[in-house]
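What follows is the residue order along each chain.
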Amino acid sequence: PVCADFFQDQIRKSFPGFVIMNHAEFDSDVRDNLESNPAFLTGYFNRDDVEDFVALIRTTDMKRSVTKQLSSDYHETRLVACHGSARKKYSCTVLLTGVTIAPEYRYLVKRSPGRTKCRSDGGGYIQAETDFIGWASTKSWATGTGETQFVYQPDGSYRRCGDLN
């Protein structure tokens, strides 16, 4: 893939005030077990032959939540899939919105085409024709559960399934 600055620029254009999270913002278990940035991956997620990318992005400004029992600093986050074109322009879709209180314990995983955890309306497992996205958690290492999958659909949307909040 092209350099990281190129992808950061794409995110800044599509989501002003957001950046791709970096390796240091993740839980030590994630950092120690994943060589690449757990907030970024490339693949062929839609049905063309142009490389796409997926990223966990966060606001550059931190916010504070205060309750009677607790105060926390956090960033607003979005999980985004950005589909490339032949001209290196990207069209991005928001898959999830949320918040991150550092360190982040969820991370991205690229899954190869094949059987997914997603079931069709008829009840059978969906067979992905393209790479698909796993949104996993360190909690899944002990339980075997805890991954949400996003599978590209013929209408251009993503089907979300799995058990990670």
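First, a word on what this report is: a plain description of the structure on this page. (Residues numbered from 1 in each chain as written. Predicted model: local features only at pLDDT ≥ 70, side-chain atom pairs only at ≥ 80, totals over all residues. Heavy atoms only, no water.)

**Details of the state of the cysteines**
Phase 1: A full pass over the atoms with the stated rule returns two disulfides.
Phase 2: What pairs with Cys-82 in a disulfide is Cys-92, and their sulfur atoms sit 2.1 Å apart. On the sign convention where negative is left-handed, the bridge of Cys-82 and Cys-92, at about 110 degrees about the S-S bond, is right-handed. Of the two residues, Cys-82 sits in strand S5 (residues 71-84) while Cys-92 sits in strand S6 (residues 90-100), which places them 10 residues apart along the sequence.
Phase 3: Between Cys-118 and Cys-161 runs a disulfide, and the two sulfur atoms are separated by 1.7 Å. Here Cys-118 and Cys-161 share a disulfide; its torsion about the S-S bond, -65 degrees, makes the bridge left-handed. Here Cys-118 is found in strand S8 (residues 114-119), whereas its partner Cys-161 is found in strand S12 (residues 158-162), with 43 residues between them in sequence.
Phase 4: Exposure remark for Cys-118: the relative accessible area of 0% places this residue in the buried category.
Phase 5: Here the cysteine-cysteine linkages of the protein chain are recorded as 1-2, 3-4, numbering only bonded cysteines and doing so in sequence order. (Disulfide = S-S within 2.5 Å. Helix = DSSP H or I, 4+ residues; strand = E, 2+ residues; numbered from the N terminus. Buried < 20%, exposed > 50% of the residue type's maximum accessible area, 1.4 Å probe, protein only.)

**Considering the pattern of salt bridges**
Phase 1: Within the structure shown, the criterion is met by eight salt bridges.
Phase 2: For the salt bridge of Arg-58 with Glu-25, the shortest nitrogen-to-oxygen distance reads 2.5 Å. Highlighted residues: Arg-58 in strand S3 (residues 52-59) and Glu-25 in the loop between strand S1 (18-20) and helix H2 (28-33), separated in sequence by 33 residues. Per residue, the accessibility class of Arg-58 equals that of Glu-25, and both read buried.
Phase 3: Taking the shortest distance from any N to any O, the salt bridge between Glu-147 and Arg-111 comes out at 2.5 Å. Taken together, the positions of Glu-147 in the loop between helix H3 (140-143) and strand S11 (148-152) and Arg-111 in strand S7 (residues 106-111) put the pair 36 residues apart, joining distant regions of the chain.
Phase 4: Among the residues examined, Glu-147 registers a relative accessible area of 7% and is labelled buried. (Salt bridge = Lys/Arg side-chain N within 4 Å of Asp/Glu carboxyl O.)

**Examining the packing of aromatic side chains**
Phase 1: With the rule as written, the count across this model stands at nine aromatic pairs.
Phase 2: Consider the rings of Phe-7 and Phe-53, whose centres lie 4.8 Å apart with planes at 65 degrees: the pair is edge-to-face. Of the two residues, Phe-7 sits in helix H1 (residues 4-14) while Phe-53 sits in strand S3, which places them 46 residues apart along the sequence.
Phase 3: Assessed through its relative accessible area of 2%, Phe-7 is described here as buried.
Phase 4: A relative accessible area of 0% places Phe-53 in the buried class.
Phase 5: Considering the side-chain rings of Phe-7 and Tyr-90, the 6.2 Å spacing of their centres and the 65 degrees angle between planes classify their relative orientation as edge-to-face. Of this pair, Phe-7 sits in helix H1 while Tyr-90 sits in strand S6, and the two are 83 residues apart along the sequence. Comparing Phe-7 with Tyr-90, the two get one shared label, buried.
Phase 6: Each member of the aromatic cluster is reached from another via a ring pair, and the members are Phe-6, Phe-7, Phe-40, Phe-53 and Tyr-90. (Phe/Tyr/Trp six-rings, centres within 6.5 Å; stacked < 30°, edge-to-face > 60°.)

**Thoughts on the environment of Thr-97**
Phase 1: You can see Thr-97 is positioned in strand S6.
Phase 2: Here Thr-97 falls in the exposed class, since its relative accessible area comes to 61%.
Phase 3: Those residues within four positions of Thr-97 in sequence are excluded, and the remaining contacts are Thr-77 and Arg-78. (Contact = heavy atoms within 4.5 Å.)

**Remarks on the sheet that holds S11**
Phase 1: If you trace the four strands from one edge of the open sheet to the other, you get S7-S10-S11-S12, paired in antiparallel fashion. Two strands bound the open sheet, and with one partner strand each, they are S7 and S12. For this sheet, the mean angle separating the axes of adjacent strands, direction not counted, is 20 degrees.
Phase 2: Note that S11 and S12 share five bridges and pair antiparallel. (Pairing = 2+ DSSP bridges. Axes fitted to C-alpha atoms, helices over the stretch in contact; angles between N-to-C directions.)

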